[in-house]
Amino acid sequence: MKISPVKYFLLLLIFSVDLFCAAQMSDSVFYQNIKTPQLFIHGNQLAYPVIILNSKSQLDLHFDDLDADVKNYSYTYQLCNADWTPAIISEFDFIRGFTQMRISEYRLSSVALTNYTHYQALLPDPNCIPTRSGNYILKVFLNGDTSQLALTRRFLVLDNSVNIAVQLLQPLDPQYSRSHQKLQLNVNMRTLNVANPLQQIKVCVLQNYRWEIAINNIQPTFYAGNNLQYNRDDDFIFPGGQEWRWLDLQTLRYQSERIQRGVYGKASTDIYAKPDKDRSRLPYYYYKDYNGYFYIQTTESINPYWQTDYATVHFSFVPSENIPFPDKDVYIIGKLTDYKLNDSTRMNFNAEKGMYEASVFLKQGYYNYAYATIDRSDP
């Protein structure tokens, strides 16, 4: 069976009011000099950023500025609706204290060929706290001007007000039974005062914390008393897939198993990963992965955030019989690219070598990644 152990964000339950619809917000970087943005639960780089309402839980924010100077970065929060469009209410209705905070903790890089300034912050600051549960966007901007956005990150403020029972099942449909996974769930709303649960309760299921493939807007199969049951055969079905591919860059001098060679210049480093082959017809093989995530780490210095280097990492994917996919583009995806499908993540086919190639500028650490094909006529 090709069913990989994956991580489900088993339920994000959102109690929302439909407001004015604007552009959907996501994890984005708006300047080329900003690299390696991270937002995670304090002390755990592999944890999705979630704050428990009215608790002492905190998040770590990290990012690098390759201009290697000192800039005036600040941050604020944006409350969003269930569909990640900005909620049109006053920021004073969801932020207690100051609505903007300056990022005052930074450090110039050390013992690295690539010069950068590392910025970090511990959120929420006692003087700037989200006061409502829901979907939030962290906005990092320049010079006190929120229109000069540098980056945005999604995070959640959680209020544990409902009981959710979840089962992970094998789909009944024989078309999916050996390759997919299905979730079945029951939501108990006894503690909520909801006038119209079919409209006000939004259920969203994420696989490996990936919002671009989230399944939502599913109506319950049954509504009885305080319970919403979601157990139709064709709801919440996800492909199991293979384990994520991996690359160990915790040291650039020692070439780990997945590295073919390194080119070491006086001012830069190029790392060539071993070519990856098509695994779609291979049997499933288990090994521990991090579900598309990465963490910054080094084996050769003390602080991984400002004492690690960058390298241009060259990836290559070999299609079956070295023939390019007809009418399809190939992308490298994972948290290392924020799952973006654009020119920077699209791979180019090298006809002479019979493989797809792409280069990504990465900080030292351990990375999961995958390849995806996108139909040009139906993206």
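Residues numbered from 1 in each chain as written. Predicted model: local features only at pLDDT ≥ 70, side-chain atom pairs only at ≥ 80, totals over all residues. Heavy atoms only, no water.

## A few points about the packing of aromatic side chains
Note the cut-off: Pairing of aromatic rings covers Phe, Tyr and the six-membered ring of Trp, with a centre-to-centre limit of 6.5 Å; geometry is then stacked below 30 degrees between planes, edge-to-face above 60, and tilted otherwise. Each helix is a run of H or I in the DSSP string that is no shorter than four residues. Each strand is a run of E no shorter than two, and both are numbered from the N terminus. Distance and angle both matter: a charge sits over a ring if NZ of Lys or CZ of Arg is within 6 Å of the ring centre and within 35 degrees of the ring normal.
For the structure on display, the rule yields 27 aromatic pairs. Ring geometry for F317 versus Y371: centroids 4.9 Å apart, planes at 40°, classification tilted. Of the two residues, F317 is situated in strand β26 (residues 310–318) and Y371 in strand β30 (residues 365–375); the sequence distance between them amounts to 54 residues. Linked through ring pairs, F315, F317, F325, F349, Y356, Y369 and Y371 together constitute an aromatic cluster. When the ring centre of W84 is taken as reference, the NZ or CZ atom of R154 above it lies at 4.6 Å.

## Some words on unusual backbone geometry
In plain terms, the rule: Each residue is assigned to one of three classes by its accessible area relative to the maximum for its type, calculated with a 1.4 Å probe on protein chains only: buried under 20%, partly exposed between the two thresholds, exposed over 50%.
The linkage connecting L123 with the following residue, P124, adopts the cis geometry, with an omega of -5°. With respect to the element layout, P124 can be found in the loop between β10 (117–123) and β11 (128–130). At N54, a position not held by glycine, the phi torsion is positive, near 60°. Along the polypeptide, N54 turns up in the loop between β4 (50–52) and β5 (59–65). Even without glycine at this site, Y339 takes up a positive phi of about 60°. By relative accessible area, which is 11% here, Y339 ends up buried.

## Concerning the environment of S133
Applied cut-off: The contact definition used throughout considers only heavy atoms, calling two residues in contact when any of these lie within 4.5 Å.
Along the chain, S133 turns up in the loop between β11 and β12 (134–142). Measuring from C-alpha to C-alpha, the distance between S133 and L156 comes to 7.5 Å, with 23 residues separating the pair along the chain. In contact with S133, not counting residues within four places along its chain, are L53, L79, V157, L158 and D159.

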